[in-house]
Number of protein chains: 2
Amino acid sequence: MSGTRSSFRAIRDEMARRIAERLWLPGALIPGEEVLAREFGAARATVNRALQELARAGLVERRRRAGTRVALHPVREARFVIPLVRQEIEARGAEYQYRLLSREEASPPEVVRARLGLDVTAPFFHVRCLHLADRLPYQFEDRWISLDVVPAARRADFEDVSPNEWLVEHAPFTDAEFTFRAAAASAEEAAVMQLREGEPVFVGERITWLGERPITLVRMVHPSSHRMVTRL
Amino acid sequence: MSGTRSSFRAIRDEMARRIAERLWLPGALIPGEEVLAREFGAARATVNRALQELARAGLVERRRRAGTRVALHPVREARFVIPLVRQEIEARGAEYQYRLLSREEASPPEVVRARLGLDVTAPFFHVRCLHLADRLPYQFEDRWISLDVVPAARRADFEDVSPNEWLVEHAPFTDAEFTFRAAAASAEEAAVMQLREGEPVFVGERITWLGERPITLVRMVHPSSHRMVTRL
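Residues numbered from 1 in each chain as written. Chains lettered and ligands numbered in written order. Predicted model: local features only at pLDDT ≥ 70, side-chain atom pairs only at ≥ 80, totals over all residues. Heavy atoms only, no water.

Listed by partner, the interface residues are 51 residues for chain B and 51 residues for chain A. Approximately 4,600 Å² of surface area, both sides summed, lies buried where chain B meets chain A, with 58% of it carried by carbon and sulfur atoms. The closest approach of N and O atoms between R12 of chain B and D175 of chain A, which form a salt bridge, is 3.9 Å. Across the chain B-chain A interface, the total number found is five residue pairs in polar contact (both at pLDDT 80 or more). Where the side of chain B that touches chain A is concerned, the elements lending two or more residues are α1 (8–20), α3 (44–56), β3 (77–81), α6 (163–170), β7 (175–184), β8 (200–210) and β10 (228–231) of chain B. When the residues that make up the side of chain B that touches chain A are grouped by side-chain class, the tally is 27 nonpolar, eight polar and 16 charged. Alignment of strand β7 (residues 175–184) of chain A against β10 of chain B, held across four bridges, turns out to be antiparallel. Residue pairing across strands places E177 of chain A opposite R231 of chain B, the latter belonging to β10 of chain B. (Contact = heavy atoms within 4.5 Å. Buried area = accessible area lost by both parts, 1.4 Å probe. Salt bridge = Lys/Arg side-chain N within 4 Å of Asp/Glu carboxyl O. Polar contact = N/O pair within 3.5 Å; in protein donor to acceptor, adjacent residues only side chain to side chain. Helix = DSSP H or I, 4+ residues; strand = E, 2+ residues; numbered from the N terminus. Nonpolar A, V, L, I, M, F, W, Y, C, P; charged D, E, K, R; others polar. Pairing = 2+ DSSP bridges.)

Structure representation (structure tokens):
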């Protein structure tokens, strides 16, 4: 540490180094904020900010009265915000376009019913649409919407507003399951996305529920140039 | 709602329905816990639990003294816990095996240096290894470790303990970037993973930093049967 007043970054990195090099052992209580502030020649608020960052990164655990300990088992979580696809595209600085491909009342095939845990046929909308970024296919959305759970969907034509945006407005959910995986583009996906059949695609799948009742199942297909990125 | 004492699930679903159908408008204050408990014929603790679930799902916002409001802009986050690959495999009920493929001091190629933001050549370990589940390739790990930031890595042979586990123990990080995407298996990846070249693979990439200094860059390749799943 330099003799000048230390930045919270310098303090954070120095404390992380002590944890990494086991000068501060896992589970051990580390010195109090006042002691650290004196040692680092910094304001107590600066030390506090550095400790906050280490806690956020999972390196230390802070308890209001019990002080700060080096984490025994750092648990790391990556968090992905689930934005509207329009916002996701616009956030990249690209122009958003939306194209409805089809919308019809239909019975979900066996594979969809199985994923939704439905044992009887119920009325669903099947909606297919394309989201474009700067006129290039960005996401192919293939969606089933329960008309039992969201009867208002019958009045939505999805010509101008995508089912993604419409559902966020009209069908709040209590539970959701997200799945991400790689797959080979089907003939239909290749045609819609202007890819070769069998080319790798990045697939997101989402099911939402209102209580025990499934609202929607959506398959979102992206070209292999797609990146899902988050920072900790 | 039935006349019998309501479960927290039934209360949660009823409140979600009122939000979905705009009986309770976005931003509006909803009735207090005591009022709801009387209406639903439930204990106040049961209503509290239902409200907690709605808040966790992002449908309502609770303020200690100001009461509970319907969320104006529900923000949804998917959280993925970052486990050790060994724990991930064992949690699936499969037998874990680990195989070191290579470990050598080497200069990162230009593409790796660019990802790490390094403008000069620094000493790195390049480690390649395979994680197996029930004797089948589960993840191919191709990793660069900075020997400047983690000098202790020179003494690690990675014969029995994977770099994944070794780094969790020895190299706490303050910052991380996670990327997920689909790709076509390279010739090397296909050989190691027993896949065909060009077959879709699910790729995770992780960079960790100690302050401003990059610790490691790892590319984790999974077959297309891999699923990354989380629930909200």
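From this point, the discussion proceeds with the structure in view.
This paragraph deals with the relation of the copies chain B and chain A. Superposing chain B onto chain A takes a rotation of 180° combined with a translation of 0.1 Å along the rotation axis, leaving an RMSD of 0.1 Å. In symmetry terms, the pair is related by a two-fold rotation axis. Taken as a fraction of all interface residues of chain B, those also at the interface in chain A reach 100%, which identifies the copy contact as same-surface. (Least-squares fit on C-alpha atoms with pLDDT ≥ 70 in both.)

A word on the sheet that holds strand β10 (residues 228–231) of chain A. With respect to topology, seven strands assemble into an open sheet ordered β10(A)-β7(B)-β8(B)-β9(B)-β6(B)-β5(B)-β4(B), the strand pairing being antiparallel. On the outer flanks of this sheet lie β10 of chain A together with β4 (96–106) of chain B, each paired with one strand and no other. Strand-to-strand twist in this sheet, taken as the mean axis angle between neighbours without regard to direction, amounts to 15°. Bridge analysis of β8 of chain B against strand β9 (residues 213–223) of chain B gives ten bridges, and the strand direction is antiparallel. Paired with T208 of chain B across the two strands is T216 of chain B, which belongs to β9 of chain B. Those strands touched by α6 of chain B are β4, β5 (124–133), β6 (136–146), β8 and β9 of chain B, and its axis lies near 45° from that of β6 of chain B. (Axes fitted to C-alpha atoms, helices over the stretch in contact; angles between N-to-C directions.)

This next bit is on the domain arrangement of chain A. Split by domain assignment, chain A resolves into domain 1 (8–70) and domain 2 (85–223). Between domain 1 of chain A and domain 2 of chain A, the C-alpha centre-to-centre distance is 46 Å. (Domains from an automatic or database assignment.)

Right, let's get into the environment of E88 of chain B. All names here are of chain B. Mapping E88 onto the fold places it in helix α4 (residues 85–91). On a C-alpha basis, the gap between E88 and R64 in space is 38 Å, while along the polypeptide they are 24 residues apart. In this view, E88 contacts P83, Y138 and H226; residues no more than four positions away in its chain are not counted.

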